[in-house]
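Listed below are the residues making up each chain.
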Amino acid sequence: MIDMPPGWLIWRRTFTGALDQIPHTRQFVRFLLADAWCREDAALIVTELAGNAVRHTGSGRAGGTFIVEVTRAQDSVRIGVYDCGWGGVPRFGMPFRSTSQRGRGLAVVTALADSIGYEGSDDVGHLVWATLVCPDQHAPR
């Protein structure tokens, strides 16, 4: 049994590693966060992270999958995407051209999230995550 602080909820769903699944990840997150202050930001973040998993890792290969995880606490939401590995790791903070059609996704995630990161390896896959903290929690106490 997982020991979690009171009030935490965690949901996970596995998706087929195809680009046509990305809209379903948005719907999944919007449904789970229907009453949350960060619903639309979380939906945009999962779109970018899931798209990267399908485009840049083994998740997009034949038979590949990826997992979306939503962790909701009283004062924060974390969106995580697990990939199948065998690909690149995220490069947060990389410059991009404003006229480019690609390469802006992680910059968007970085701009929206309060914290970001990844863990794992090509052998076992990666978890890429972004945490959103409730605006009320940013105020000085």
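Each remark here, short or long, concerns the structure printed above.
Since the model is a prediction, treat every value here as computed from it, not as a measurement. (Residues numbered from 1 in each chain as written. Predicted model: local features only at pLDDT ≥ 70, side-chain atom pairs only at ≥ 80, totals over all residues. Heavy atoms only, no water.)

> I would appreciate a short explanation of the nonpolar core in the present structure.
In a soluble, globular protein the nonpolar side chains are often hidden away together inside. With 27 residues, the main nonpolar core has Val29, Leu33, Ile45, Phe66, Val68, Val70 and Ile79 as its most contacted residues. Of all the secondary-structure elements, those providing two or more residues to this core are α1 (22–32), α2 (39–56), β2 (65–72), β3 (76–82), α3 (105–112) and β5 (125–133). At 7 residues, α2 tops the list of elements feeding residues into this core. Contact partners of Ile79, with chain neighbours within four places excluded, come to Val29, Leu33, Ala42, Ile45, Val46, Leu49, Glu69, Val70, Val128, Trp129 and Ala130. (Core = buried A, V, L, I, M, F, W, Y, C linked by side-chain atoms within 4.5 Å. Buried < 20%, exposed > 50% of the residue type's maximum accessible area, 1.4 Å probe, protein only. Helix = DSSP H or I, 4+ residues; strand = E, 2+ residues; numbered from the N terminus. Contact = heavy atoms within 4.5 Å.)

> What exactly am I supposed to notice about the environment of Arg39 here?
Among the secondary structure elements, Arg39 is positioned in helix α2. Residue classification places Arg39 among the partly exposed positions, given a relative accessible area of 29%. Considering only alpha carbons, one finds Arg39 and Val77, 38 residues apart in sequence, at a separation of 9.4 Å.

> Explain the side chain of Thr47 to me, please; I cannot follow it from the model alone.
By the element assignment, Thr47 lies in helix α2. Excluding residues within four positions of it along the chain, Thr47 makes contact with Ile22 and Arg26.

> Would you explain the pattern of salt bridges in this entry?
A side chain of one charge can pair with a side chain of the opposite charge when the charged atoms of the two come close. Here the structure, examined in full by the defined rule, presents 4 salt bridges. Where Arg12 meets Glu69, a salt bridge forms, and the shortest distance between an N and an O atom there is 2.5 Å. With Arg12 in strand β1 (residues 9–16) and Glu69 in strand β2, this residue pair connects regions lying 57 residues apart in the sequence. Overall, Arg12 belongs to the exposed group, its relative accessible area being 51%. Exposure remark for Glu69: the relative accessible area of 3% places this residue in the buried category. (Salt bridge = Lys/Arg side-chain N within 4 Å of Asp/Glu carboxyl O.)

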